[in-house]
Amino acid sequence: MSSIAFDNSALTRIADFARTLTRLHAASRRRLVDDDQIDREFNTVCSSVWGYAMDDLSDDMFSGEDHEFLDTLDEARARIFAAEQGYDLVDDTGILTDWWGYCWMILAEKRGLLTPENKARARLEWEEKYLSSPNVIGVIVSR
């Protein structure tokens, strides 16, 4: 059996960017934490690491094979995949809670999807989705 070794000092340690998010997840085990607050902090982590957030992409930008790969990931395979791409998904207590979302972003980077054009397309799709709802009269987007 072969073992995979990575130079941890050469990996981008996502946990270093996710301290506030990790604290929010820990707090959510003791008290109610607003899901929007967690989502905003997750997007802040992604923006800090990649310059893009999950909202800057849409599912249809990924191939069927990519979706299948993401859907079959478990924690062990996620750690290996991330490390192969130069990222560490572990903090002092184990794998980061949002490891799957980080793998989504890592795969997007690997596929070259993190572009201003894709960001604009995803934002337009997002706005159109909300504007098609009968109770929405406008969408406010912070830039």
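(A) Summary view of the overall build of the chain. Summing up its helical and strand segments, the chain has 6 helices and 4 strands in all. Ordered by position from the N terminus, the helices and strands of the chain form the series β-α-α-α-α-β-β-β-α-α. Burial statistics for the chain: of 143 residues in total, 37% are counted as buried. Nonlocal contacts in the chain, meaning residues at least 24 apart in sequence, comprise 67% of its contacts between residues at least 6 apart. Carbon together with sulfur atoms contributes 48% to the accessible area of the chain, which is approximately 9100 Å² in total.

(B) Structural view of helix 1 (residues 19–28). The complete set of buried residues in helix 1 reads L21, L24, H25 and A27. Each buried residue of helix 1 sits inside an arc of 160° when the element is viewed along its axis, so together they form one side. Considering only its buried residues, helix 1 is in contact with helix 2 (35–50) and helix 5 (99–110).

(C) Inspection of the pattern of salt bridges at higher detail. One pass over the full model with this rule turns up 7 salt bridges. With a shortest N-O distance of 3.3 Å, R19 and D16 are connected by a salt bridge. The exposure class assigned to D16 is partly exposed, which follows from its relative accessible area of 35%. A salt bridge links R121 to D60; its shortest N-O distance comes to 3.0 Å. Here R121, found in helix 6 (residues 116–131), pairs with D60, found in the loop between helix 2 and helix 3 (64–71); they are 61 residues apart in sequence, far enough to count as distant. With relative accessibility at 52%, the residue D60 sits in the exposed group. A cluster of three or more residues bridged by salt bridges with shared partners is formed by R13, D16, R19 and D92.

(D) Representation of the packing of aromatic side chains. Overall, the coordinates contain 5 aromatic pairs when judged by the stated rule. Where F62 meets W104, the ring centres are 4.8 Å apart and the plane angle is 45°; that geometry is what we call tilted. Linking F62 in the loop between helix 2 and helix 3 with W104 in helix 5, this pair joins segments that are 42 residues apart in sequence. Ring geometry for F69 and F81: centres 4.9 Å apart, planes at 65°, overall edge-to-face. Remark: F81 occurs in helix 4 (residues 75–84) and F69 occurs in helix 3; sequence separation between them is 12 residues. Its relative accessible area of 6% is what places F81 among the buried residues. An aromatic cluster is defined as three or more aromatic residues linked by ring pairs; in this entry it consists of F42, W50, Y87 and Y102.

Criteria and thresholds
Residues numbered from 1 in each chain as written. Predicted model: local features only at pLDDT ≥ 70, side-chain atom pairs only at ≥ 80, totals over all residues. Heavy atoms only, no water. Helix = DSSP H or I, 4+ residues; strand = E, 2+ residues; numbered from the N terminus. Buried < 20%, exposed > 50% of the residue type's maximum accessible area, 1.4 Å probe, protein only. Contact = heavy atoms within 4.5 Å. Areas by Shrake-Rupley, 256 points an atom, 1.4 Å probe, with all protein chains shown as cover. Arc of directions from axis to C-beta. Salt bridge = Lys/Arg side-chain N within 4 Å of Asp/Glu carboxyl O. Phe/Tyr/Trp six-rings, centres within 6.5 Å; stacked < 30°, edge-to-face > 60°.

As far as function goes, none of this settles anything; it's purely spatial.
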